[in-house]
Amino acid sequence: MDVPGKTEPLPWDDWTLGLRLVVLTGGIPATFPLPDSGKITLGRGETCEVRVDDASVSREHARLSVDGRRLTLEDLGSSNGTRVAGRRLGQGERASVDVDVVFELGAVAVVVRGAAPAAPAHVVSSLDAPAPGGKMAQAAALADLVARAPVGVLVLGETGVGKTVIAERIHRASGRTGDLVKLNCAAVPETLLEGELFGYERGAFTGAQAAKPGLVEAADHGTLLLDEIGDMPLATQAKLLHAVESGEVTRLGALKPRSVDVRFIAATHRDLPAMVAAGAFRADLYYRINGITISIPPLRERRDELLTLAVHFLSSTCARMGRETPRLLDGAKNALLGHAWPGNLRELRNVMDRAALLSLGAEIDADAIHIEGTPRAGLGDVARPAGAVATPSAHEPAPGDLRKDLSDFERDRIVAALEEAGGNQARAAELLGLPLRTLVKRLTRHGLTRARRRESD
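Presented here is an overview of the structure given in this document.

Here is what the cut-offs are and how they apply
Residues numbered from 1 in each chain as written. Predicted model: local features only at pLDDT ≥ 70, side-chain atom pairs only at ≥ 80, totals over all residues. Heavy atoms only, no water. Axes fitted to C-alpha atoms, helices over the stretch in contact; angles between N-to-C directions. Helix = DSSP H or I, 4+ residues; strand = E, 2+ residues; numbered from the N terminus. Parallel < 35°, antiparallel > 145°, perpendicular 65-115°, else oblique. Left-handed = near helix turned anticlockwise from the far one by under 90°. Contact = heavy atoms within 4.5 Å. Pairing = 2+ DSSP bridges. Polar contact = N/O pair within 3.5 Å; in protein donor to acceptor, adjacent residues only side chain to side chain. Core = buried A, V, L, I, M, F, W, Y, C linked by side-chain atoms within 4.5 Å. Buried < 20%, exposed > 50% of the residue type's maximum accessible area, 1.4 Å probe, protein only. Expected span 1.5 Å × (residues − 1).

**Examining the packing of helix H8 (residues 303-321) against helix H10 (residues 344-358)**
Working note: a packed helix pair is described by the angle between its axes plus the distance between those axes. The N-to-C vectors of H8 and H10 enclose an angle of 50°; their axes lie 9 Å apart at closest approach. Accordingly, the angle class assigned to the pair H8 and H10 is oblique. Every pair of crossing elements has a handedness; the one defined by H8 and H10 is right-handed. Residue-level inspection shows Leu306, Leu309, Ala310, Phe313, Leu314, Thr317, Cys318, Arg320 and Met321 of H8 in contact with H10, the latter providing Leu345, Leu348, Arg349, Met352, Asp353, Ala356 and Leu357.

This is the structure we're talking about:
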């Protein structure tokens, strides 16, 4: 699923005067208006038109020339280099710069954006202010902005808000040729986490009968998403910091490190600064992964897109069931909009899955919206004349049939999650939004546990 509110580069013919330069220093975007024509020096020096206060930037680092619709960048002999589209410019070399494509001054990402209302220099970018597309659109725009920048990204948000969706968006737009590899640090036992991340050699420990590359190696030339990094043990944090800084990883039991080219994205619902202050998270790792922070708002703050997401989930489920997507009636919409959604997108998906199962016609009313903890009338609690007897409708299934349908639907969802997770129960539990222990119980209930092997007679 793509996040709503994606920003597309403005075509040249639609531009008006008023380009702006967006500089990402310390994870905070700052914007500078550009003239219609002229030359602008970028660097740490006080005489530069755009001052970039970062140790990796030279006093006079680069010069940006603006000539109407033409943009040219020139390196001024910088110590740490000027890169355009990943290629380092030689001293005095010039290169064309496209709008909405990130270039680099040392370790600082910079991009020229399209026309916008004039703003004074040295102010926070408009990406941090309310935008017509809503809060999620702002997060998506910032993700697009930093996708090609060589900076670590920290995605913050409550459980189930869509942090993985943002990571997938960044990877797709990054231009990296490798895979997006995901690891939920909270779902792997502490004793196994280091081996999962860094791999091991044959004989490294009892049971290591063959060498196994870790997930960092698997993400070479790609992106590694470390979900719930706040749950990573301190000992593993130290080894991760070395891998992030050096670009090298050493398998358990190995004597020599291996070089890797990995883009790291971290995500968590925890308050990492508070954990740093309490000594529960390494400060050096926090500052290393927090090149730019993207905060994902909870669903209760995204009312403008809630119904769109609900219809998306409903359509996906109906497509799997081989039926037409029902229409949401006003009562159903009001029920959805009136809920606080503490479980965010995962909770909404489950509600719409149940609605798809319980709806019998071409429309969905409030009775099909089953939200846990929300008082609602039962299917038979409609007003009827005094003395009338409630009889099953020809359009309603018997209670026993409904329970079986729900059980079958749950079993199908579990099987689909296991298939998507490649049989990994911890990953399947994450996809379903269930604790691992609960999933194991339901596997037993539905007869999905693996049979023990018996020696042949």
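Past the structure itself, the notes keep going.
**Some words on the sheet that holds strand S6 (residues 70-75)**
Here 5 strands make up an open sheet; going across it, the order is S4-S3-S5-S6-S9 and the pairing mixed. Bordering the open sheet on either side are strand S4 (50-51) and strand S9 (94-96), each of which pairs with just one other strand.

**With respect to the side chain of serine 56**
In this structure, serine 56 sits in the loop between S4 and strand S5 (62-67). Here aspartate 54 takes part through its side chain, which lies 2.5 Å from a polar atom of the side chain of serine 56. Apart from residues lying up to four places away in sequence, serine 56 is in contact with His61, Asn80, Leu105, Gly106, Ala107 and Val108.

**Re the sheet that holds strand S21 (residues 292-295)**
With parallel pairing, 5 strands are arranged side by side in an open sheet as S14-S17-S20-S13-S21. With partners counted over all chains shown, the strands left at the sheet margins are strand S14 (180-184) and S21, one partner each. Recorded for the sheet is a direction-independent mean angle of 20° between the axes of neighbouring strands. The sheet contact formed by strand S17 (residues 222-227) and strand S20 (residues 262-268) spans 6 bridges and is parallel. If you follow threonine 223 over to S20, its bridge partner there is arginine 263.

**Regarding the nonpolar core**
Formed by 30 residues in total, the largest nonpolar core has its most connected members in Val216, Leu224, Leu226, Ile229 and Leu240. Mapped by element, the contributors of at least two residues to this core are S14, helix H3 (190-198), helix H4 (215-218), S17, helix H5 (234-246), S20, helix H6 (272-277) and helix H7 (283-289).

**As for the environment of glutamate 420**
Tracing the sequence through the fold places glutamate 420 in helix H11 (residues 399-420). Between the C-alpha atom of glutamate 420 and that of leucine 431, which follows or precedes it by 11 residues, the distance is 8.8 Å.

**A closer look at the pairing of S5**
Here is the key point about a regular strand: its side chains alternate between the two faces of the sheet. Covered by surrounding structure in S5 are Ala62, Leu64 and Val66 only, the residues Arg63, Ser65 and Asp67 on the alternate face being uncovered. Bridging between strand S3 (residues 37-43) and S5 involves 6 bridges; their strand directions are antiparallel. The partner of threonine 41 across the bridge, within S5, is arginine 63. In terms of strand pairing, S5 meets S6 through 6 bridges, oriented antiparallel. Bridge pairing in S6 links valine 66 to leucine 71. As consecutive antiparallel partners, S5 and S6 are separated by 2 residues, and within that stretch glycine 68 has a phi angle of approximately 65°, a positive value.

**Quick look at helix H2 (residues 163-174)**
Along its 12 residues, H2 runs 17 Å from first to last C-alpha, staying within 8% of the 16 Å computed at 1.5 Å per residue. Taken as a whole, H2 has its buried residues at Lys163, Val165, Ile166, Ala167, Arg169, Ile170, His171 and Ser174. One or two positions beyond H2, positive phi appears at glycine 175, with a value near 80°.

**With respect to the environment of glycine 343**
Residue position: glycine 343 is located in the loop between helix H9 (330-337) and H10. Taking relative accessible area as the criterion, glycine 343 reaches 26% and is therefore assigned partly exposed. Considered as a pair, glycine 343 and proline 298 are 45 residues apart in the sequence and their alpha carbons are 9.0 Å apart. When neighbours within four sequence positions are excluded, glycine 343 is seen to be in contact with Thr159 and Gly160.

Bear in mind that shape data such as this cannot, by itself, settle questions of function.
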